[in-house]
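# Understanding the architecture of this molecule
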Amino acid sequence: MHKEAAIREPLILGHKTYHDITEDVCRPIEDKAPKTWYILFAIALIIGLYGVGCILYLLGTGVGVWGLNKTIGWAWDITNFVWWVGIGHAGTLISAVLLLFRQKWRMAINRSAEAMTIFAVFMAGMFPLIHMGRLWLGYWVLPLPNQFGSLWVNFNSPLLWDVFAISTYLSVGLVFWYIGLIPDFATIRDRAKKPVPKKMYTMLAFGWSGKAKQWNRFELVSLVLAGLATPLVFSVHSIVSFDFATSVIPGWHTTIFPPYFVAGAVFSGFAMVQTLMLIMRKAMGLEAYIHTKHVEYMNIVIMVTGSIVGTAYITELFISWYSGVEYEGYAFMNRATGPYWWAYWSMMTCNVVSPQLMWFKKLRRSLVFTFIISIVVNIGMWFERYVIIVTSLHRDYLPSSWSMHYPSAIDIGVYLGTIGLFFVFFLLFARFFPVLALNEVKTILKSSGESYKNAPDTHHHDPTPDAPAVESPKVDMTKESAKKESKVKLSEEEIKEKASALISKIGAGSADSKDDLKVISGVGPVLEGKLNEIGIFTYVQVSKMTKEEYDLLDQLTGSFPGRAERDDWAGQAKELMNKSNS
Amino acid sequence: MADKVIYAMYDDDDVLKDGAKKLVSKGVKVAEVFSPFPIHGIDPIIGVKNTRLGIMAFLYGLTGLTLATIGMRYFMIVDWPMNIGGKPNFSYMENILSFIPITFEFTVLCAAHGMAVTYLLVNKTLPGMPAQNPDPRTTDDKFVMEFRMSENSSFSENELEEMLKETGMIEMDQKEVH
């Protein structure tokens, strides 16, 4: 079985069993939705419907209702398109790239991140479609034999590459997501009592039975799909950047675009995952599965990709000057000091400065701070696209046609509408779908679950883990660090049982022949009292402790896990013994 | 012929795996294992062969690659050689760079969907299919081994039951199948 280093923080907190995982994930689906869900759903639906209304008005009237003009032919809608596609990168990245790298922390977040990805790509896909103006002729982008002579679509054009890239990405992402969902739908199906949900989940589960051969295929299919999806993710945003990079417009015509767009996409995608996940874990009581460590990992990804983006911005600036191309130089000068300076500098602040704060461990482990930064990053990434698109276009080669872009009410309505629709989909997902990949999380329970990690050698042939039967009190771990969270209270009996197991290994001592344990570095008066309570009084006893005893001790005292081992109490005690003997 | 099926239920994957190992070494044939998540290492023990879906995915990918190449060569070179900015498409090889993105996307599209469809078909997991797991708890936290008496004719039912009890099973069930 896979073993994990003891110093690695557990990924599943508390004393969970397989059944607990099922319960925790299925309960929100089976229970009635809370009032807040209905309120949020209503708000999202109203905003979404308003957006749909704006789109219908636009289709009926024409693209003229947008704030575009002769100079600025691309602005708001393409900004939103790129923004949503970017957000739609995190899910596949988490589930595919992290699967290839065997990162186990992905399992708690991949399902909902993938859902988010799919919904975000839906929203993204809408913008080019409505940008066509005549939506009903949308099939013209496909290479179909037609009545205008056999003129085909242009396979040299990045815009057509985009059609293929986005539709492949969306459909492969959807398949990847659904294949992972099938076994979890089967779990819900087998638990469902009411006839309607039972029927619904029976349909959705496709008759999954969990046979050994099915699992064998399942694992391979997940791996191969991950292998296919990984280059796909990178290709999609590279191709989106080609839309700009292949055109001869100052500020767009740069070879740095593909990697820089991909990093930016991952950056904004993870920020959106953070925003959603921080709310979801709290609302659905999933704090034991998505905890501070997961947030920290994601913040590290945000920090790294944010730094890549920052480097790209500065490289771009430098090259615009170093290239000696005056148009290029002017485009960047205009970005920073022209009429859109406020957009440029908000982009710089949000995307370059804010992720750097993640170097501080305290900040990247703070949930409130993470939430704020995730919003800031999303705003910053929207501005990035707006700056790239609008500032490059609004002052073109001919100063007499210089212009400004002001979004119209319809522009804003469509954008807000996609946000509303996105949340409508996500809320429905959170209500009816298993938000955690049940089958995957169960596979890491033994290697990364807290109760198993603390007693690494006892579980192998013992079907029951250390404390399975005891209803562990619900741990409130909202703001405390994971270390403090591991203070799970054990029942009286267990404490006695463990203490006696510990004493039987290191030998009994008595209060009469008591040594001053406080001399050992790492032991204070409080801890000494605790040790005495357990029955540890002398250096001799402490010196006999090994890894196993330390683990037992950690469970009993519940404080500073791993401390005794790190400070080598046994070694210290041996030295102290020698001193007192001589 | 009527056959008797015995189901042994476990509440831990490692116990089931150790049990299966012991049983197989004694010559018992395990017909099937039902579990809520993949038990790593169970396949060689009970004699489940590795799936060949990976090879299928590769073949589907090749199909996509070929189709994309043939299609684009026909559209852009043969049927209507487009002349963009005075740069006409004379041959596929001279223009191959701009065909790479779509070739890649179409390869991935065919490989992923071909494999997914094949997976659903061979798994017999399709909309409306009935579930075959013997106990609803096997998708939650229980693990079930299935034995067929016809495959284990050298053992009597009682012998098998005794052996199963030694492996730490928690429940047993049997069923006649026809």
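Residues numbered from 1 in each chain as written. Chains lettered and ligands numbered in written order. Predicted model: local features only at pLDDT ≥ 70, side-chain atom pairs only at ≥ 80, totals over all residues.

## Let's talk about the overall build of chain A
When its secondary structure is counted, chain A shows 24 helices and 0 strands. In chain A, once contacts between residues fewer than 6 apart in sequence are set aside, the share between residues at least 24 apart is 81%. (Helix = DSSP H or I, 4+ residues; strand = E, 2+ residues; numbered from the N terminus. Contact = placed C-beta atoms within 7 Å.)

## Things to note about the overall build of chain B
Check the secondary structure of chain B and you find 5 helices and 6 strands. Ordering the α and β elements of chain B from the N terminus gives β-α-β-α-α-β-β-α-β-α-β. Over its C-alpha trace chain B gives a radius of gyration of 26 Å, far above what one expects of a compact globule, namely 16 Å for 178 residues. In terms of principal-axis extent, the alpha carbons of chain B reach across some 85 × 30 × 30 Å. Taking all 178 residues of chain B together, the buried fraction comes to 41%. Looking at chain B alone, contacts between residues at least 24 apart form 76% of all its contacts between residues at least 6 apart. (Rg over C-alpha atoms; globule rule 2.2 N^0.38 Å. Buried ≥ 20, exposed ≤ 12 C-beta atoms within 10 Å, placed from the backbone.)

## Concerning the environment of Gly60(A)
Residues and elements named next belong to chain A. The topology assignment puts Gly60 in helix 2 (residues 35-61). By the C-beta count within 10 Å, which is 8 here, Gly60 ends up exposed. Considering only alpha carbons, one finds Gly60 and Ala229, 169 residues apart in sequence, at a separation of 38 Å.

## Considering helix 4 (residues 96-123) of chain B
End to end, helix 4 of chain B covers 39 Å across 28 residues, agreeing with the expected 40 Å (1.5 Å per residue, within 8%). The largest bend in helix 4 of chain B amounts to roughly 25 degrees and is located at Ile102(B). (Expected span 1.5 Å × (residues − 1). Bend = angle between axes of the 7 residues up to and from the residue.)

## Focus: the domain arrangement of chain B
As a measure of interface size, the accessible area lost when the parts come together is often cited. Taken domain by domain, chain B holds domain 1 (3-44 + 131-177) and domain 2 (53-123). Spacing between the C-alpha centres of domain 1 of chain B and domain 2 of chain B amounts to 47 Å. (Domains from an automatic or database assignment.)

## Brief notes about the sheet that holds strand 5 (residues 143-148) of chain B
Residues and elements named next belong to chain B. Reading across the sheet, the 4 strands line up as 2-5-1-6 and stay open at both edges, with antiparallel pairing between neighbours. If you trace the sheet from one side to the other, it starts and ends with strand 2 (32-34) and strand 6 (171-177), each paired once. Sheet twist, expressed as the average angle between the axes of neighbouring strands with direction ignored, equals 20 degrees. Helix-sheet contacts for helix 1 (residues 13-25) involve strand 1 (3-10) and strand 5, and the interaxial angle to strand 5 is about 25 degrees. (Pairing = 2+ DSSP bridges. Axes fitted to C-alpha atoms, helices over the stretch in contact; angles between N-to-C directions.)

## Considering the packing of helix 8 (residues 212-245) of chain A against helix 9 (residues 257-283) of chain A
Residue and element names in this part refer to chain A. Orientation of helix 8 relative to helix 9, taken along the N-to-C sense of each, is 125 degrees, at an axis distance of 8 Å. Looking at the two axes, helix 8 sits oblique to helix 9. Helix-helix and strand crossings are classified by hand; for helix 8 and helix 9 the assignment is right-handed. Contacts between helix 8 and helix 9 pair Phe234, His237, Ser238, Val240, Ser241, Phe244 and Ala245 from the former with Phe257, Pro258, Phe261, Val262 and Ala265 from the latter. The residue makeup of the contact of helix 8 with helix 9, split by class, is 9 nonpolar, 3 polar and no charged. (Parallel < 35°, antiparallel > 145°, perpendicular 65-115°, else oblique. Left-handed = near helix turned anticlockwise from the far one by under 90°. Nonpolar A, V, L, I, M, F, W, Y, C, P; charged D, E, K, R; others polar.)

## Regarding the domain arrangement of chain A
Assigned domains of chain A: these are domain 1 (38-139 + 241-444) and domain 2 (492-581). Once you take the C-alpha centre of each, domain 1 of chain A and domain 2 of chain A turn out to be 54 Å apart.

## Here's the deal with the pairing of strand 5 of chain B
Residue and element names in this part refer to chain B. The element strand 5 is largely enclosed, with a buried count of 5 among its 6 residues. Strand direction decides the pairing type here: strand 1 and strand 5, joined by 6 bridges, are antiparallel. Looking at the pairing, Ile6 lines up with Phe147 of strand 5. Inspection of the sheet shows strand 2 paired to strand 5 by 3 bridges, in the antiparallel sense. In the strand pairing of strand 5, Val33 is matched with Met145.

## A word on the interface of chain B and chain A
Across the boundary between the two partners, chain B contributes 61 residues, which contact 54 residues of chain A. Those elements giving two or more residues to the side of chain B that touches chain A turn out to be helix 1, strand 2, helix 2 (42-46), helix 3 (53-79) and helix 4 of chain B. Here the element with the most residues in the side of chain B that touches chain A is helix 4 of chain B; it accounts for 18 residues. Tallied by class, the residues present in the side of chain B that touches chain A amount to 37 nonpolar, 14 polar and 10 charged.

## Structural notes on the environment of Gly306(A)
Residue and element names in this part refer to chain A. Relative to the helices and strands, Gly306 is located in helix 10 (residues 292-322). Residue classification places Gly306 among the buried positions, given that 31 C-beta atoms sit within 10 Å. Taking the C-alpha atoms as reference, Gly306 lies 7.7 Å from Gln356; in sequence the two are 50 residues apart. The residues contacting Gly306, other than those within four sequence positions of it, are Phe267, Asn351 and Pro355.

## Quick look at the packing of helix 2 of chain A against helix 15 (residues 409-432) of chain A
Residue and element names in this part refer to chain A. Relative to each other, helix 2 and helix 15 sit at 140 degrees, their axes nearing to 7 Å. Relative to helix 15, the element helix 2 is oriented oblique. Helix-helix and strand crossings are classified by hand; for helix 2 and helix 15 the assignment is left-handed. Of the residues assigned to the contact of helix 2 with helix 15, the class counts are 20 nonpolar, 6 polar and 1 charged.

## So, the nonpolar core
Val172(A), Val273(A), Ala112(B) and Met115(B) are the most contacted members of the largest nonpolar core, which totals 186 residues. If sequence neighbours within four positions are ignored, Val273(A) has contacts with Ala90(A), Ile109(A), Ala113(A), Met116(A) and Met298(A). Listed in part, the 19 residues of the second largest apolar core include Leu502(A), Ile520(A), Phe537(A) and Met545(A). (Core = buried A, V, L, I, M, F, W, Y, C linked by C-beta atoms within 7 Å.)

## Description of the pairing of strand 1 of chain B
Of the strand pairs in this sheet, strand 1 of chain B and strand 6 of chain B are connected by 7 bridges, and their pairing is antiparallel. The partner of Ile6(B) across the bridge, within strand 6 of chain B, is Gln174(B).

## Some details on the environment of Asp13(B)
Mapped onto the fold, Asp13(B) is located in helix 1. Leaving out residues up to four positions away in the same chain, Asp13(B) has contacts with Ser35(B), Ile39(B) and Phe143(B).

## Side note on the confidence of the model for chain A
Overall, the prediction assigns chain A a mean pLDDT of 82, with 87% of residues at 70 or greater. Confidence drops under a pLDDT of 50 for residues 456-489 of chain A, and excluding neighbours within four residues, the segment shows 55 contacts in the predicted structure. (pLDDT = per-residue confidence, 0-100.)

## As for unusual backbone geometry
Positive phi, normally seen in glycine, also occurs at Phe206(A), with a value near 60 degrees. Residue placement: Phe206(A) occurs in the loop between helix 7 (195-205) and helix 8. Judged by the 23 C-beta atoms lying within 10 Å of it, Phe206(A) is buried. For Lys124(B), which is not glycine, the phi torsion reads 55 degrees and is therefore positive. As for its position among the elements, Lys124(B) is in the loop between helix 4 and strand 5. Using a count of 15 C-beta atoms within 10 Å as the deciding quantity, one classes Lys124(B) as partly exposed.

## Overview of the confidence of the model for chain B
Residues and elements named next belong to chain B. The share of residues in chain B with pLDDT of 70 or more is 98%, and the mean pLDDT across the chain is 85. Strand 4 (residues 87-88) is the least confidently modelled element of chain B, averaging 74 in pLDDT, while helix 4 averages 92, the highest of any element. Predicted complex metrics record ipTM = 0.90 and pTM = 0.78.

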